[in-house]
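Listed here are the chains, written in short residue letters.
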Amino acid sequence: MTEMTYLCFVGFLGVCCHIVFVKTCYFRHEAICLSWTRSYDSFFITYPLYEYILLEKDRIVTYQHSGTTVFFPKKGKKYKILIRKTDHTKVMAYGWLVLEICWALFFLFIVIWDVYGYLT
């Protein structure tokens, strides 16, 4: 097996650990996109400003915070987001989690392909 197989396996483990962290520390909620700006480094990364309503200690609280995502959101549309359980100002777009799952499957596919090629 090549060194690339080991690197892909380490990448797979790292992405899986981050997915488990996100699934345990964040909860899914819906938010409305108010506006967004594009990243200067990448064409596909945007920073949308979300507005979401939560019920905290029998009070309704409205938050407006920006997250990071990999698509171009539409203003005024509802999106799924992930909100940190301990700090409700930390927001992550649900698209990031889906992208990380795709990366994990890609790394796993490369590892299985190389191990299968090595064994045959």
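Residues numbered from 1 in each chain as written. Predicted model: local features only at pLDDT ≥ 70, side-chain atom pairs only at ≥ 80, totals over all residues. Heavy atoms only, no water.

A. Inspection of the overall build of the protein at higher detail. Within the protein, the regular secondary structure consists of two helices and five strands. Mapped in sequence order, the helices and strands of the protein form the string α-β-β-β-β-β-α. In terms of overall dimensions, the protein is more spread out than a globule: its C-alpha atoms have a radius of gyration of 18 Å, far above the 14 Å expected for 120 residues. Taking the principal axes of its C-alpha atoms as reference, the protein extends roughly 60 × 35 × 20 Å. The proportion of buried residues among the 120 residues of the protein is 29%. (Helix = DSSP H or I, 4+ residues; strand = E, 2+ residues; numbered from the N terminus. Rg over C-alpha atoms; globule rule 2.2 N^0.38 Å. Buried < 20%, exposed > 50% of the residue type's maximum accessible area, 1.4 Å probe, protein only.)

B. Just the pairing of strand β3 (residues 59-66), in detail. Relative to β3, strand β2 (residues 46-56) runs antiparallel, the two sharing eight bridges. The partner of glutamate 56 across the bridge, within β3, is arginine 59. Taking the residues between adjacent antiparallel strands as the criterion, β2 and β3 are bridged by two residues, where lysine 57 takes a positive phi near 50°. (Pairing = 2+ DSSP bridges.)

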